Amino acid sequence: MNSRLPFPTNGEYIVGRLITEDFFMHTVKELLREKGSEVWTIAPRVTVYEALELMAGKNIGALVVVEDGNVVGMFTERDYARKVILKGRSSKTTTVSELMVTDVLYVSPDDTIENCMALMTDKRLRHLPVMDNGQLAGLISIGDIVRVIISDREFTIRELEHYITGGHSSRA
């Protein structure tokens, strides 16, 4: 398998900061439980045009490239824009294998949302496959991460408002 785990031995990807237990520590497993683990995949020999049709039809921005049951790459809208359009290639004759990223970074279900956010920010990624015991278990996007963070912050704000007002709402 071409995929590799980008984490140090303790499983945390930390970019210039220490992650503490009191900072939100939702896991990828929890996120996938909420959003589902459906992943759209494509074979490397398929044309870029066919990949784009699938992506448009499913309203998604990335496909995991799978061959013989193994993750061999990622293909994204960004790959199309930068490697087909800007280079004057044809999407109907270019295959996904010619453009896909083969050095796929991924996370496990036990990784935290904070670690995923740090990895995505540091490596400028919008999508991360989730691998569980060598098997593709899901795909998370930066949008998924943002939704979890916003939800966490909204919960914290509600709890603080509840604490400050002594449990009484100012709205009658």
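Refer to the preceding data block for the structure.
What counts, and where the lines are drawn
Residues numbered from 1 in each chain as written. Predicted model: local features only at pLDDT ≥ 70, side-chain atom pairs only at ≥ 80, totals over all residues. Heavy atoms only, no water. Salt bridge = Lys/Arg side-chain N within 4 Å of Asp/Glu carboxyl O. Helix = DSSP H or I, 4+ residues; strand = E, 2+ residues; numbered from the N terminus. Buried < 20%, exposed > 50% of the residue type's maximum accessible area, 1.4 Å probe, protein only. Phe/Tyr/Trp six-rings, centres within 6.5 Å; stacked < 30°, edge-to-face > 60°. Lys NZ or Arg CZ within 6 Å of the ring centre and 35° of its normal. Patch = residues over 30% accessible without salt bridge, like charges linked within 9 Å, V, L, I, M, F, W, Y side chains within 5 Å. Areas by Shrake-Rupley, 256 points an atom, 1.4 Å probe, with all protein chains shown as cover. Axes fitted to C-alpha atoms, helices over the stretch in contact; angles between N-to-C directions. Parallel < 35°, antiparallel > 145°, perpendicular 65-115°, else oblique. Left-handed = near helix turned anticlockwise from the far one by under 90°. Contact = heavy atoms within 4.5 Å. Polar contact = N/O pair within 3.5 Å; in protein donor to acceptor, adjacent residues only side chain to side chain.

Caption draft 1: Geometry of the pattern of salt bridges. Under the definition given, this model contains six salt bridges. One salt bridge connects Asp144 with Arg147, and the closest N-O pair in it is separated by 2.6 Å. Of the two residues, Asp144 and Arg147 are both situated in helix α6 (residues 142–164); the distance of three residues between them amounts to about one turn of the helix. Residue Asp144 is classed as buried on the basis of its relative accessible area, which comes to 7%. Where salt bridges share partners, they join Lys35, Asp144 and Arg147 into one cluster.

Caption draft 2: Main features of the packing of aromatic side chains. All chains considered together, the criterion is met by zero aromatic pairs. The positively charged end of Lys92 is found above the aromatic ring belonging to Tyr49, 4.5 Å away from the centroid.

Caption draft 3: View of a nonpolar patch on the surface. There is a patch of nonpolar side chains on the surface, built from Ile142, Val146 and Ile150 and spanning about 220 Å² of accessible area. Looking at where Ile150 falls in the secondary structure, it is placed in helix α6. Owing to a relative accessible area of 44%, Ile150 belongs among the partly exposed residues under this scheme.

Caption draft 4: Examining the packing of helix α5 (residues 113–123) against α6 more closely. At a closest axis distance of 10 Å, the pairing of α5 and α6 adopts a crossing angle of 135 degrees. Judged by the inter-axis angle, α5 sits oblique to α6. In this structure, α5 meets α6 at a crossing whose hand is left-handed. Taken together, the residues of α6 that come into contact with α5 (itself represented by Ile113, Cys116, Met117 and Met120) are Ile142, Ile145, Val148 and Ile149.

Caption draft 5: Representation of the environment of Thr47 in the model. If you trace the backbone, Thr47 turns up in the loop between β1 (41–42) and α2 (48–58). In this view, Thr47 contacts Ser91, Lys92, Thr94, Thr95 and Val96; residues no more than four positions away in its chain are not counted.

Caption draft 6: Here's a closer look at α5. Of the residues making up α5, those classed as buried are Ile113, Glu114, Asn115, Cys116, Ala118, Leu119 and Met120. For α5, the secondary structure elements touched by its buried residues are α1 (28–35), β4 (127–132), β5 (135–141) and α6. Following α5 by one or two positions, Arg124 adopts a phi angle in the positive range, close to 55 degrees.

Caption draft 7: Looking closely at the environment of Asp132. Among the secondary structure elements, Asp132 is positioned in strand β4. The sequence separation of Asp132 and Val107 amounts to 25 residues, and the corresponding C-alpha distance is 8.5 Å. Those residues within four positions of Asp132 in sequence are excluded, and the remaining contacts are Pro109 and Ala137.

Caption draft 8: Up close: the environment of Asp110. Residue placement: Asp110 occurs in the loop between α4 (96–99) and α5. For Asp110, the side chain forms a polar contact with the side chain of Lys29, separated by 3.1 Å.

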